[in-house]
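# Remarks on the overall topology
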Amino acid sequence: MEKILYLTQVEPGGELSSFALEVLSGAGRLARDLGCELAVGLVGAKADVQAAADSVAGCGAAAFLAVTGDEFAVSRHATDAAAFEALARNAEATIVLAPGTSRAARAMPGVAERLNGRIDSHITGTAITDGRPEVERWFYRQRMMGRLTRSQRPWLWLVDSGVFDAWEGEAGGATLEALDVPLPELRTRVVGVESPAAEEQTIRPDAELLFVAGAGWTKKQADGSTHVKEAETIIHDFLETTGASLGSSKSLVDQAGEGQEVISFMSHMNQVGQTGSTPRHPKGLATCCHGEEPHVVGWRFIKERRAVNLDPGCGWAQGKADVLYVADAFEVMRRVNELLKQG
Ligand SMILES: Cc1cc2nc3c(=O)[nH]c(=O)nc-3n(C[C@H](O)[C@H](O)[C@H](O)COP(=O)(O)OP(=O)(O)OC[C@H]3O[C@@H](n4cnc5c(N)ncnc54)[C@H](O)[C@@H]3O)c2cc1C
């Protein structure tokens, strides 16, 4: 009989991110389908962990385990790994699910080694065949999808975002079992967190819409000139009013290295595609982007796709978008921004 452990760090203030709640619902479903027990393991400052446990008290977990303390609340490999290891051992878990955050992705492989277990990352689906749990993941830069199982236990799963719907349910009073985990040797001191202002952060994984800008925004337009500053303003205003996440084609972000005038808030981090990211959003709007396969392969998980392009023969018209507006993206987006401002 499997024993499932769901693990996550708690955000300051006692919140669980929507990503963490998605993986919780996946863990709950797996436990229900396998007919086995679910335990929840939380790591963070003491008050935060209690608040987080209370917020998911109705998730059906048989136990709420915790590793608390100020040193465990911050992102550091030594403390994260020690906390995860203690939680997995205490729960006697055979399968451990955690959201594949950068923090968990850094600590969990070492935990798998310490537990003599195995780990799989970037899990995009789960299934049960003949009573055996299986995971799905993509291989070879999203070209092939594989489904695999393992006999080794414990088996640690780092799950991607967007795979499950976020858990929703009753809050309540959860009884926490706090584990006494000795602090490992600390060679890293966390002195603070620096993050960009929300409006400067253009990559927004939780956004409803992915807005992709292509190289066309910086190309010569009908009047024979480029209009990069205007493009920047249009895109910036749209992102500000809608809270959309900003994606880019490779051609646009490569221009910085080629000495061309570029969209200032765009970097390689925004690149979507075969050699970029594969974000997950319910909707996507591509503008001034040709829709070539190496780019569109990064749209694999975008459910509703629209594009604006001057060229009726562009890639989006070849079955890659649900709707293609054959139009000038400057005109379209200027008008969209006006309409958005009118509310
Ligand atoms: C191995 C490999 C990996 C790659 N990986 C990636 C990747 O990860 N991501 C990626 O994006 N690409 C990738 N590429 C490159 C990819 O093939 C394309 O070259 C790239 O996506 C083109 O970018 P683009 O569509 O923005 O630019 P362009 O091909 O230059 O297209 C610009 C488009 O803008 C349109 N346009 C211009 N002005 C306007 C206007 N006013 N209104 C509306 N439309 C307008 C034009 O009609 C044109 O279709 C890869 C290529 C290879 C070989």
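Residues numbered from 1 in each chain as written. Predicted model: local features only at pLDDT ≥ 70, side-chain atom pairs only at ≥ 80, totals over all residues.

### A closer look at the environment of Ala112
- Note on placement: Ala112 falls in helix α5 (residues 102-114).
- Residue classification places Ala112 among the buried residues on the basis of 21 C-beta atoms within 10 Å.
- In this structure, the C-alpha to C-alpha distance between Ala112 and Leu156, residues 44 residues apart in sequence, is 6.7 Å.
- Apart from residues no more than four positions distant in its own chain, Ala112 is found in contact with Gly117, Arg118, Ile119 and Leu156. (Helix = DSSP H or I, 4+ residues; strand = E, 2+ residues; numbered from the N terminus. Buried ≥ 20, exposed ≤ 12 C-beta atoms within 10 Å, placed from the backbone. Contact = placed C-beta atoms within 7 Å.)

### Considering the sheet that holds strand β14 (residues 323-326)
- An order of β11-β10-β12-β13-β14 is seen for the 5 strands of this open sheet, with the pairing classed as parallel. Every other strand in the sheet has two partners, leaving β11 (245-248) and β14 as the edge strands with one partner each. Averaged over neighbouring strand pairs, the angle between their axes works out to 20° when direction is ignored.
- In the sheet, strand β10 (residues 209-213) pairs with β11 via 4 bridges, with the strands oriented parallel. Opposite Phe211, over in β11, you have Leu246 as the bridge partner. (Pairing = 2+ DSSP bridges. Axes fitted to C-alpha atoms, helices over the stretch in contact; angles between N-to-C directions.)

### Let's talk about unusual backbone geometry
- Omega for the peptide link from Arg153 to Pro154 comes to -5°, which places this bond in the cis form.
- Within the secondary structure, Pro154 sits in the loop between β7 (144-148) and β8 (155-159).
- Notably, Asp130 is not glycine yet its phi reads approximately 50°, a positive angle.
- Following the sequence through the fold, Asp130 ends up in the loop between β5 (118-129) and β6 (132-139).

### Details of the domain arrangement of the protein chain
- As far as domains go, the protein chain holds domain 1 (3-178) and domain 2 (198-342).
- The interface is formed by 5 residues belonging to domain 1 together with 8 residues belonging to domain 2.
- When the residues that make up the side of domain 1 that touches domain 2 are grouped by side-chain class, the tally is no nonpolar, 4 polar and 1 charged. (Domains from an automatic or database assignment. Nonpolar A, V, L, I, M, F, W, Y, C, P; charged D, E, K, R; others polar.)

### Here we look at helix α6 (residues 228-242)
- The terminal C-alpha atoms of α6 lie 21 Å apart, and with 15 residues this matches the ideal 21 Å at 1.5 Å per residue to within 8%.
- Restricting attention to buried positions, one finds in α6 the residues Ala231, Ile234, Ile235, Phe238 and Leu239. One face of α6 carries all of its buried residues, which in axial projection span an arc of 125°. The outward face of α6, more than 90 degrees from its buried face, is lined by the exposed residues Lys229 and Glu240.
- Those residues of α6 that are buried are in contact with β10, β11 and α9 (329-342).
- The first or second residue beyond α6 is Gly243, which carries a positive phi of 70°. (Expected span 1.5 Å × (residues − 1). Arc of directions from axis to C-beta.)

### Points about the pairing of strand β4 (residues 95-99)
- Taken across its 5 residues, β4 has 5 buried, putting it largely inside the fold.
- In β4, alternate side chains face the same way, and those of Ile95, Leu97 and Pro99 on one face and Val96 and Ala98 on the other are all buried.
- In the sheet, β4 pairs with β8 via 5 bridges, with the strands oriented parallel. Across the sheet, residue Pro99 finds its bridge partner in β8, namely Val159.

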